[in-house]
Amino acid sequence: GDSVTQMEGPVTLSEEAFLTINCTYTATGYPSLFWYVQYPGEGLQLLLKATKADDKGSNKGFEATYRKETTSFHLEKGSVQVSDSAVYFCALSDRPFNKFYFGSGTKLNVKP
Amino acid sequence: DTGVSQDPRHKITKRGQNVTFRCDPISEHNRLYWYRQTLGQGPEFLTYFQNEAQLEKSRLLSDRFSAERPKGSFSTLEIQRTEQGDSAMYLCASSASDKGENQPQHFGDGTRLSIL
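Let me begin by describing the structure that accompanies this report.

1. Considerations on the overall build of chain A
Step number 1: Looking only at helices and strands, chain A features zero helices and twelve strands.
Step number 2: Put simply, chain A runs from its N terminus to its C terminus through helices and strands in the order β-β-β-β-β-β-β-β-β-β-β-β.
Step number 3: For chain A, the C-alpha atoms occupy an extent of roughly 45 × 30 × 20 Å along the three principal directions.
Step number 4: By sequence separation, contacts in chain A at least 24 residues apart represent 55% of the contacts at least 6 residues apart.
Step number 5: Accessible surface, chain A as shown: approximately 5,300 Å² in total, 48% of it carbon and sulfur.
Step number 6: Side chains of chain A give 11 positive and 12 negative charges; the mean places of these two sets differ by 4 Å.

Structural data, given as structure tokens:
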């Protein structure tokens, strides 16, 4: 079945450091891929998406590229800020019902 | 866009009681989903509605769980005879119709259920 695996956290970085959070997936079809972010006490917010191979999703300085050959969708940011501290979830959605499969989340702590 | 609204935000109840949660999706979205999220884990799919039709249910959804979306707008999730293991965050999400690609889901803030 479909599944998502992402690197375990927590990830602790200093402000302005480079961020990579690894995400790999298993899917029987051609899924769309997403990154969501969850701040403490809040629901999940869409961060970025990619719907087909080689697509690059980007938002707020975050980027991720849909790599079909390596079944990966790693999240990157060149310079993190304290305000980026949150839990990040990688997800895929299948057809036809657009059901989402989530990874277990990676907590990011950014220190000043 | 008023977002997905869930009520209540928190529910504390004794084991064996019944609870009901409500979800109001984004008004133009015809797809509605329920997920369960436990501490340190990602959300797990429970069930899906397209308009008023419940089209898929997870094996996680035991006989004690029932969900409805009677008029294709808001939805309710009921848990009967609650158990300790039901303690979790229950998330509702909605999305627009498939327009040739999977649409992002928009999540509510969730209902946190605590079973005493």
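More follows now that the structure is in view.
2. Comments concerning the pairing of strand E5 (residues 32-38) of chain A
All names here are of chain A.
Step number 1: Judged by how many residues are buried, E5 sits mostly within the fold: seven of seven residues are covered.
Step number 2: Neither face of E5 is exposed, since Ser32, Phe34, Tyr36 and Gln38 on one face and Leu33, Trp35 and Val37 on the opposite face are all buried.
Step number 3: Where E5 and strand E10 (residues 86-93) come together, seven bridges link them in antiparallel fashion. Bridging from a neighbouring strand, Leu33 pairs with Leu92 of E10.
Step number 4: Both E5 and strand E6 (residues 44-50) contribute to a ladder of six bridges, which runs antiparallel. Note that in E6 the partner of Val37 across the bridge is Gln45.
Step number 5: Linkage of E5 to E6, two consecutive antiparallel strands, is achieved through a turn of five residues, within which Gly41 is found at a positive phi near 75 degrees.

3. Examining the interface of chain A and chain B
Step number 1: With 23 residues of chain A in contact, the opposing surface of chain B contributes 25 residues.
Step number 2: Roughly 2,000 Å² of surface becomes buried between chain A and chain B when both sides are summed, with 47% attributable to carbon and sulfur atoms.
Step number 3: Applying the counting criterion to the chain A and chain B interface returns one salt bridge.
Step number 4: Here Lys99(A) makes a salt bridge to Glu56(B), at a shortest N to O gap of 2.6 Å.
Step number 5: At the junction of chain A with chain B, the criterion picks out five residue pairs in polar contact (both at pLDDT 80 or more).
Step number 6: Breaking the side of chain A that touches chain B down by element, the ones donating at least two residues are E5, E6, E10 and strand E11 (100-102) of chain A.

4. Remarks on the state of the cysteines
A disulfide bridge is the covalent bond that connects two cysteines by way of their sulfur atoms.
Residue and element names in this part refer to chain A.
Step number 1: A complete count under the given rule lists two disulfides over all chains for this structure.
Step number 2: Between the sulfur atoms of Cys23 and its disulfide partner Cys90 the distance amounts to 1.9 Å. For the disulfide bridge between Cys23 and Cys90, the dihedral angle about the S-S bond is near -70 degrees, and by the sign convention the bridge is left-handed. Residue Cys23 is found in strand E4 (residues 23-26), and its partner Cys90 is found in strand E10; the two are separated by 67 residues along the sequence.
Step number 3: Judged by relative accessible area, Cys23 falls into the buried class, the value being 0%.

5. Some details on the pattern of salt bridges
Step number 1: According to the stated counting rule, one finds eight salt bridges over all chains in the structure shown.
Step number 2: In this structure, Asp55(A) and Lys52(A) form a salt bridge, with 3.4 Å as the shortest nitrogen-oxygen distance.
Step number 3: Judged by relative accessible area, which is 51%, Lys52(A) ranks as exposed.
Step number 4: With a closest N to O distance of 3.4 Å, Glu83(B) and Arg64(B) form a salt bridge. Of the two residues, Glu83(B) sits in the loop between strand E8 (75-79) and strand E9 (88-95) while Arg64(B) sits in the loop between strand E6 (53-57) and strand E7 (65-68), which places them 19 residues apart along the sequence.
Step number 5: We classify Glu83(B) as partly exposed; its relative accessible area is 41%.
Step number 6: In this structure, a network of salt bridges that share partners links the residues Arg64(B), Glu83(B) and Asp86(B).

6. A closer look at the sheet that holds E7(B)
All names here are of chain B.
Step number 1: Pairing is antiparallel across the open sheet formed by four strands, whose spatial order is E1-E3-E8-E7. Of all the strands in the sheet, the pair left with one neighbour each is strand E1 (5-7) and E7. Strand-to-strand twist of the sheet, defined as the mean angle between neighbouring strand axes without regard to direction, takes the value 15 degrees.
Step number 2: With five bridges connecting them, strand E3 (residues 19-24) and E8 associate as antiparallel partners. Opposite Thr20, over in E8, you have Glu78 as the bridge partner.

Cut-offs and rules
- Residues numbered from 1 in each chain as written.
- Chains lettered and ligands numbered in written order.
- Predicted model: local features only at pLDDT ≥ 70, side-chain atom pairs only at ≥ 80, totals over all residues.
- Heavy atoms only, no water.
- Helix = DSSP H or I, 4+ residues; strand = E, 2+ residues; numbered from the N terminus.
- Contact = heavy atoms within 4.5 Å.
- Areas by Shrake-Rupley, 256 points an atom, 1.4 Å probe, with all protein chains shown as cover.
- Lys, Arg positive; Asp, Glu negative; His and termini not counted.
- Charge placed at Lys NZ, Arg CZ, Asp CG, Glu CD.
- Buried < 20%, exposed > 50% of the residue type's maximum accessible area, 1.4 Å probe, protein only.
- Pairing = 2+ DSSP bridges.
- Buried area = accessible area lost by both parts, 1.4 Å probe.
- Salt bridge = Lys/Arg side-chain N within 4 Å of Asp/Glu carboxyl O.
- Polar contact = N/O pair within 3.5 Å; in protein donor to acceptor, adjacent residues only side chain to side chain.
- Disulfide = S-S within 2.5 Å.
- Axes fitted to C-alpha atoms, helices over the stretch in contact; angles between N-to-C directions.

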